[in-house]
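Secondary and tertiary structure notes
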Amino acid sequence: MPRTKRELAKTEHESASDDNLESALKACREAARRGYEIAKENLRESEKAISDVSKSLSQCLAARRGVVYEAPCPVLPSLAFSRP
């Protein structure tokens, strides 16, 4: 227990500092969680885009070899109607 005004002021300051630190750490955790969610969503979108391009390129290559498929090639349209 503080005995002097100075000790009391120091104790109050330390308590306020602890509260500020706790608040700052809480805000950092919340921001980190939000950032993680954003990164996860961006990763999902990137995976989908890569998958879509892979499918499209596979279709284009198949068309180039003369394999029939339903959709025209969106990546390389000039190859969609060419036959060997």
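Source: prediction; values computed, not measured.

1. Examining the overall build of the protein
- Regarding its fold elements, the protein presents 2 helices and 0 strands.
- When the 84 residues of the protein are sorted by exposure, 10% land in the buried category.
- Accessible surface for the protein amounts to roughly 7300 Å². Of this, 59% is attributable to carbon and sulfur atoms.

2. Describing the pattern of salt bridges
- A full pass over the atoms with the stated rule returns 3 salt bridges.
- K40 serves as the salt-bridge partner of E37, at 3.9 Å between the closest nitrogen and oxygen. In this pair, E37 and K40 both sit in helix α1 (residues 5–64), 3 residues apart, roughly one turn of the helix.
- Residue classification places K40 among the partly exposed positions, given a relative accessible area of 31%.
- A salt bridge links K48 to D52, with the nearest nitrogen and oxygen atoms 2.9 Å apart. Of this pair, K48 and D52 both sit in helix α1, 4 residues apart, which is roughly one turn of the helix.
- K48 sits in the exposed class, given a relative accessible area of 55%.
- Judged by relative accessible area, D52 falls into the partly exposed class, the value being 36%.

What counts and what doesn't
- Residues numbered from 1 in each chain as written.
- Predicted model: local features only at pLDDT ≥ 70, side-chain atom pairs only at ≥ 80, totals over all residues.
- Heavy atoms only, no water.
- Helix = DSSP H or I, 4+ residues; strand = E, 2+ residues; numbered from the N terminus.
- Buried < 20%, exposed > 50% of the residue type's maximum accessible area, 1.4 Å probe, protein only.
- Areas by Shrake-Rupley, 256 points an atom, 1.4 Å probe, with all protein chains shown as cover.
- Salt bridge = Lys/Arg side-chain N within 4 Å of Asp/Glu carboxyl O.

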